[in-house]
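Coordinate analysis (summary)
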Amino acid sequence: MPTNPATLEAVDKTRISKVDSEVVGDIALSLRRFVGAGRWVGKGNRYGVRGAAEKIAREVKSGGVKDQRQLGQYIVASCALHCSDGWGYLGRAISATIVGDSRRALHLGYYAELRAALSILASAGIGVFNTKHFVISGPGKVTKLKYGRGTHEFVWLALKHWSSLPRSGALFSEIVRPGGIGLDNWLQTIGGSKAVAPQVRRWFLQWGMDIFSLTEDRNARNENSYRPDGIPETVAISCADGLNFVRRFWEAFEPASSSRFGEIDRSILRVALERAYTGRTGQTPSPTSPAYRRFIARAVDQQGYSGQLRSEWIAFLLRQSTSQDVEPIRLSSEDADSDMGVLAVISRAALLLRMASGASSSLLRTVEPDWKRYAFWYDLLGEQRGLWIGKWEGGSFTDLWADVSVTLDDLAVYQDAHLPQTQNSIGVSSVVPNLAGVMGTYERVALWSLLDN
């Protein structure tokens, strides 16, 4: 990975560190009246227009933003929308993967990752507007940061600094809820959130690493985005590899009653316990180690589990019932330029979006706890993406999993009936005609993870 010569100045780091989450929450609460009127921000918000970044740049050049309160509201409102847009980019990356289009999949996966980071920063009161960046510095106040480089560069540096702050660890522990229980409770016997904190920065920087590497290696980004595919050669994902990935990837997102990201959160917990054990003992976790078995048993017993459920959790955490992590976790440490690079970028984007969904959902509940008041947004989104016709008439948005489940079953039927080398796009479309239409709509995940009804 290239070395980044640019850094945030100390004054910018201090300003980011001092953002008050209670002030951000109060701004979120002030948006309730707009949501009630079917809008994200006020009709007269001067930044709620096309070309907001350019307008802000003109105002800064003329002496400063004209309405700090409205800009703060814009930043907070953008949190959930950046997140939703990121899930959309992820879905398009999956659609490109299905048809073996590696370059488009990489391009879209990268922007899914970038949008996830923008969402997380917005939830922390940090607004990114091309080369003009701001933090919410008080009630009705924003402060412009000194750093003046573009979006990609700033997002990486801001995420890097924010992930080192105590509140990022607290947020991570609150968001990740294996079995419906906060991550800090799972690690309570070894320090709770303090045991999570050293790992949080590593996770955020790993999951956002493509923002770093493709920001610094501008040539690589331009090669992928602007150069013709086929010169010097076409890089493609085989049909079988793409379909295998899509199946395993979607399976990781099946919502559970206790957590909208049940399988992902369980895998994060398992890795967190393994890393914590190694950090404390210097030993490699092993299911045959009596000491490690006791370590895992204590974590499970702390949650009050007993009987069959206790046995199932212990077997999972010891990698006995299933040894492999879910696909996004498994691939998230691969380099973007490795053989699995495209799928690794998509995986990292998905994990960062999982965090963005958690942060955004918390803010949305502050804005308006009645999820039906967001119908002005989700009815349009659902119809545009082909998820339903007209207005949403269902109950929980997790009902949208049903289409995914049926499609996964049909896809399994096709793959079981054909050897990998004989699988092809025409063949699979004859058995699963709406494959890309269903598998490429990760807006489903956005809806059930953001509104969490």
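Residues numbered from 1 in each chain as written. Predicted model: local features only at pLDDT ≥ 70, side-chain atom pairs only at ≥ 80, totals over all residues. Heavy atoms only, no water.

**Let's talk about the overall build of the protein chain**
Counting its secondary structure elements, the protein chain contains 23 helices and 3 strands. A compact globule built from 453 residues would reach a C-alpha radius of gyration of about 22 Å, and the protein chain, at 22 Å, matches this within 12%. A buried classification covers 55% of the 453 residues belonging to the protein chain. Contacts spanning at least 24 positions in sequence make up 73% of the contacts within the protein chain whose residues lie at least 6 apart. Carbon and sulfur atoms form 49% of the exposed surface of the protein chain, whose accessible area is close to 19400 Å². For the protein chain, the separation between the mean place of its 53 positive charges and that of its 46 negative charges on side chains is 8 Å. (Helix = DSSP H or I, 4+ residues; strand = E, 2+ residues; numbered from the N terminus. Rg over C-alpha atoms; globule rule 2.2 N^0.38 Å. Buried < 20%, exposed > 50% of the residue type's maximum accessible area, 1.4 Å probe, protein only. Contact = heavy atoms within 4.5 Å. Areas by Shrake-Rupley, 256 points an atom, 1.4 Å probe, with all protein chains shown as cover. Lys, Arg positive; Asp, Glu negative; His and termini not counted. Charge placed at Lys NZ, Arg CZ, Asp CG, Glu CD.)

**Focus: the pattern of salt bridges**
All told, the structure shown has 18 salt bridges when counted by the stated rule. Between Glu263 and Arg266 there is a salt bridge, with its nearest N and O atoms 3.3 Å apart. Of this pair, Glu263 and Arg266 both sit in helix H14 (residues 262-281), separated by 3 residues, roughly a single helical turn. Glu263 sits in the partly exposed class, given a relative accessible area of 30%. For Arg266, a relative accessible area of 21% puts it in the partly exposed group. The partner of Arg385 in a salt bridge is Glu443, with the nearest N and O atoms 3.0 Å apart. Within this pair, whereas Arg385 is found in the loop between helix H19 (375-384) and helix H20 (401-417), its partner Glu443 is found in helix H23 (residues 443-450), the two being separated by 58 residues in sequence. Residue classification places Arg385 among the partly exposed positions, given a relative accessible area of 34%. Bridged by salt links that share partners, the residues Arg270, Glu274, Arg319 and Asp325 form one connected network. (Salt bridge = Lys/Arg side-chain N within 4 Å of Asp/Glu carboxyl O.)

**A closer look at the sheet that holds strand E2 (residues 132-138)**
Across the sheet, which stays open at both edges, the 3 strands sit in the order E1-E2-E3 with antiparallel pairing between neighbours. Of all the strands in the sheet, the pair left with one neighbour each is strand E1 (126-129) and strand E3 (141-144). With direction set aside, neighbouring strand axes in the sheet form an average angle of 30°. (Pairing = 2+ DSSP bridges. Axes fitted to C-alpha atoms, helices over the stretch in contact; angles between N-to-C directions.)

**A few points about the pairing of E1**
Of the two faces of E1, the one holding Ile126 and Val128 and the one holding Gly127 and Phe129 are both buried throughout. With 4 bridges connecting them, E1 and E2 associate as antiparallel partners. For Phe129, the partnering residue across the bridge sits in E2 and is Lys132. Where E1 hands over to E2, the hairpin turn is made up of 2 residues, of which Asn130 adopts a positive phi near 60°.

**Focus on unusual backbone geometry**
A positive phi angle, close to 60°, is found at Asn130, a residue other than glycine. One can find Asn130 in the loop between E1 and E2. We note that Arg319 has phi near 60°; this positive angle belongs to a residue other than glycine. Here Arg319 is to be found in the loop between helix H16 (307-317) and helix H17 (327-331). With relative accessibility at 23%, the residue Arg319 sits in the partly exposed group.

**Brief notes about the packing of aromatic side chains**
Across all of its chains, the model carries 38 aromatic pairs by this definition. Measuring from ring centre to ring centre gives 4.0 Å for Trp250 and Tyr442, while their planes differ by 25°; the resulting arrangement is stacked. Here Trp250 is found in helix H13 (residues 239-251), whereas its partner Tyr442 is found in the loop between helix H22 (435-439) and H23, with 192 residues between them in sequence. A relative accessible area of 0% means that Trp250 is categorised as buried. Taking the centre distance of 6.0 Å and the plane angle of 20° together, the rings of Tyr292 and Phe295 count as stacked. (Phe/Tyr/Trp six-rings, centres within 6.5 Å; stacked < 30°, edge-to-face > 60°.)

**Overview of the nonpolar core**
In terms of nonpolar packing, the biggest core is built from 154 residues, with Phe172, Trp250 and Phe253 touching the most fellow members. Counting residues per element, this core draws most heavily on helix H18 (residues 341-367), at 15 residues. Those residues in contact with Trp250 that sit more than four places away from it in its chain are Trp401, Val404, Leu408, Val438, Met439, Thr441, Tyr442, Arg444, Val445 and Trp448. (Core = buried A, V, L, I, M, F, W, Y, C linked by side-chain atoms within 4.5 Å.)

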